[in-house]
Amino acid sequence: MGICSTTSLDIIHSSYTYGGFQIPTSWDLQGSTHLYFLVGHLQLQDLVGQHIIHCMDQVYLHIGYQQKVLTYDFQLIKDLAPPTWVTNTWEYLSSNHATLTSNSLSLDFQRENDTSITQVARQHYRGIRLRRINAVRIPSYHFPDSQ
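Residues numbered from 1 in each chain as written. Predicted model: local features only at pLDDT ≥ 70, side-chain atom pairs only at ≥ 80, totals over all residues. Heavy atoms only, no water.

Peer 1: What should I look at first to understand the confidence of the model for the chain in this one?
Peer 2: For residues with low pLDDT, the predicted coordinates do not support detailed interpretation. Per-residue confidence for the chain gives a mean pLDDT of 76, with 74% of residues at or over 70. Confidence, read as mean pLDDT per element, is least for strand β2 (residues 142-143) in the chain (48) and greatest for helix α5 (residues 85-95) (89). Low pLDDT (under 50) marks residues 139-143, which in the prediction has 15 contacts with non-local residues, meaning those over four places away or in another chain. (pLDDT = per-residue confidence, 0-100. Helix = DSSP H or I, 4+ residues; strand = E, 2+ residues; numbered from the N terminus. Contact = heavy atoms within 4.5 Å.)

Structure follows, in structure tokens:
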């Protein structure tokens, strides 16, 4: 049985159980390929794996949050994310309610009750205003606690 150009995408992408063809979408195919290469190179700890870790660190520093970037919901802080291969993989992970952690860069707060500037700004701003605040926050990374 062939696939006609007018065949519903629900039939094309749904599972065999529901009478579909179970052909993956390009989004799922690209995302799973990204994860395959990401995990493979991180496990091998080769040159590409080291480059991926550096890219993940760059995204982590760019966003300015305390925890590892790939553990956050992408939709909450997508305004701060630079358009990179790691960011696309993170968006795919987040859309499937998955996370990925690695042993890479970690910046700890100096005192109790310190808060990241971008976490405070995200509560009040979105879009271009949040990106502008993020662009100038690099020299002053943390708000001290008020106590």
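What follows picks up the thread again.
Peer 1: Hey, could you run me through a nonpolar patch on the surface in this one?
Peer 2: A contiguous nonpolar patch, built from Y36, F37 and W85 and spanning about 360 Å² of accessible area, is present on the exposed surface. Looking at where W85 falls in the secondary structure, it is placed in helix α5. Since its relative accessible area comes to 34%, W85 is described here as partly exposed. (Patch = residues over 30% accessible without salt bridge, like charges linked within 9 Å, V, L, I, M, F, W, Y side chains within 5 Å. Areas by Shrake-Rupley, 256 points an atom, 1.4 Å probe, with all protein chains shown as cover. Salt bridge = Lys/Arg side-chain N within 4 Å of Asp/Glu carboxyl O. Buried < 20%, exposed > 50% of the residue type's maximum accessible area, 1.4 Å probe, protein only.)

Peer 1: Teacher, can you tell me more about helix α2 (residues 26-44) here?
Peer 2: Counting along an α-helix, one turn takes 3.6 residues, and residues three or four places apart therefore face a common direction. With 19 residues, α2 should cover 27 Å at 1.5 Å per step; its first-to-last C-alpha distance of 27 Å lies within 8% of that length. For α2, the complete set of buried residues consists of G31, H34, L38 and H41. The buried residues of α2 occupy one face: seen down the axis, they fall within an arc of 110 degrees. Structural note: α2 exposes Y36, Q43 and L44 on the side pointing more than 90 degrees away from its buried face. Along its buried surface, α2 packs onto α3 (47-63) and α5. Downstream of α2 by a residue or two, Q45 has a phi angle that is positive, lying close to 55 degrees. (Expected span 1.5 Å × (residues − 1). Arc of directions from axis to C-beta.)

Peer 1: Help me understand the nonpolar core, please; the structure alone is not making it clear to me.
Peer 2: Core analysis: the largest hydrophobic core is formed by 19 residues, its most contacted members being I63, V69, L70, I77 and W90. Among the elements of the structure, α3, α4 (74-77) and α5 are those that each provide at least two residues to this core. Of the residues forming this core, the biggest block, 5 residues, is contributed by α3. The residues contacting L70, other than those within four sequence positions of it, are M56, V86, W90, A98, T99 and L100. (Core = buried A, V, L, I, M, F, W, Y, C linked by side-chain atoms within 4.5 Å.)

Peer 1: What is the right way to look at the environment of S102 in this model?
Peer 2: Structurally, the position occupied by S102 is in the loop between α5 and β1 (115-116). A sequence separation of 60 residues divides S102 from L42, and the C-alpha atoms of the two residues are 8.8 Å apart.

Peer 1: What is the right way to read the packing of α2 against α5 from this model?
Peer 2: Between two packed helices, what matters for the description is the angle formed by their axes and the separation of those axes. Interaxial distance between α2 and α5 falls to 9 Å at its minimum, and their mutual angle equals 115 degrees. Classified by the angle their axes make, α2 and α5 are roughly perpendicular. The handedness of the crossing between α2 and α5 is left-handed. Of α5, the residues touching α2 (which contributes W27, D28, G31, S32, H34, L35 and L38) are W85, N88, T89, E91, Y92, L93 and S95. Counted by class, the contact of α2 with α5 contains 6 nonpolar, 6 polar and 2 charged residues. (Axes fitted to C-alpha atoms, helices over the stretch in contact; angles between N-to-C directions. Parallel < 35°, antiparallel > 145°, perpendicular 65-115°, else oblique. Left-handed = near helix turned anticlockwise from the far one by under 90°. Nonpolar A, V, L, I, M, F, W, Y, C, P; charged D, E, K, R; others polar.)

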